[in-house]
Amino acid sequence: GKVKRTWKSLKNRYARLLKANPSLPKIQKGENLRIVPEIENRNKDDEDAQHHHSNEQKEDVRPEPSAKRHRWYYTKEEDRNIVKFLKKRLGPSADLKSITDNSIWKEMEKVQLCGADRNWRSYRKRFKNQLVSRVDDLLAEKEPG
């Protein structure tokens, strides 16, 4: 749901942002508040660090929801690459359902098997939730070409 903020909390928050980034537009009293892209795209960690170290009275307000991230769906080719990588590393007769060691997923991340935007947890989750039951089908499919 939406985060409810008081006018005072919004005013204090904007004042902190202005102090941290003087290039933001100044808003005058009575002026309509519009969303400023620089505020939405700011580095959340920097703001949290500033807020944590300030001696201001903390207000009882829920944290703002994080920005919606883009979801990059796996392609059939990427799915096939994951299965082929596992078969190559563990052997053709390996039982892929019983993988317990995270090092293989971390290796996939290191070699950027499906690009730099994937982390090892993503590979593991994709395999365990979606691919483990389709291993034979994925290996039997002909590669596009």
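The preceding data block contains the structure.
How each quantity is defined
Residues numbered from 1 in each chain as written. Predicted model: local features only at pLDDT ≥ 70, side-chain atom pairs only at ≥ 80, totals over all residues. Heavy atoms only, no water. Helix = DSSP H or I, 4+ residues; strand = E, 2+ residues; numbered from the N terminus. Buried < 20%, exposed > 50% of the residue type's maximum accessible area, 1.4 Å probe, protein only. Contact = heavy atoms within 4.5 Å. Areas by Shrake-Rupley, 256 points an atom, 1.4 Å probe, with all protein chains shown as cover. Core = buried A, V, L, I, M, F, W, Y, C linked by side-chain atoms within 4.5 Å. Phe/Tyr/Trp six-rings, centres within 6.5 Å; stacked < 30°, edge-to-face > 60°. Lys NZ or Arg CZ within 6 Å of the ring centre and 35° of its normal.

1. Some points on the overall build of the protein chain
Move 1: Within the protein chain one finds seven helices and zero strands.
Move 2: Counting from the amino terminus, helix and strand elements in the protein chain follow one another as α-α-α-α-α-α-α.
Move 3: With 145 residues in all, the protein chain has 24% of them scored as buried.
Move 4: In the protein chain, 57% of the contacts between residues at least 6 apart in sequence involve partners at least 24 apart.
Move 5: Accessible surface, the protein chain as shown: approximately 11900 Å² in total, 48% of it carbon and sulfur.

2. Overview of the environment of Leu131
Move 1: Mapped onto the elements of the fold, Leu131 is located in helix H6 (residues 120-131).
Move 2: Judged by relative accessible area, Leu131 falls into the buried class, the value being 0%.
Move 3: Expressed as a C-alpha distance, the spacing of Leu131 and Lys97, which sit 34 residues apart in the sequence, is 9.9 Å.
Move 4: Ignoring sequence-local partners within four residues, the contact set of Leu131 consists of Asp79, Ile82, Val83, Arg126 and Leu138.

3. Some remarks on the nonpolar core
Move 1: Core analysis: the largest hydrophobic core is formed by 17 residues, its most contacted members being Ile82, Leu86, Ile99, Trp105, Met108, Tyr123 and Phe127.
Move 2: Within the residue set of this core, elements represented by two or more residues are helix H4 (76-90), helix H5 (103-110), H6 and helix H7 (135-140).

4. Considering the packing of aromatic side chains
Move 1: Per the counting criterion, the structure on display carries one aromatic pair.
Move 2: Summarising the aromatic geometry, the rings of Trp105 and Phe127 are spaced 5.6 Å apart at their centres and angled 40° between planes, so their arrangement reads as tilted. Here Trp105 is found in helix H5, whereas its partner Phe127 is found in helix H6, with 22 residues between them in sequence. Take Trp105 and Phe127: they sit in the same class, and that class is buried.
Move 3: Taking the ring centre of Trp120 as reference, the NZ or CZ of Lys106 above it sits at 4.9 Å.

5. Focus: unusual backbone geometry
Move 1: Positive phi is not limited to glycine here, since Gln112 has a value of about 50°.
Move 2: Within the secondary structure, Gln112 sits in the loop between H5 and H6.

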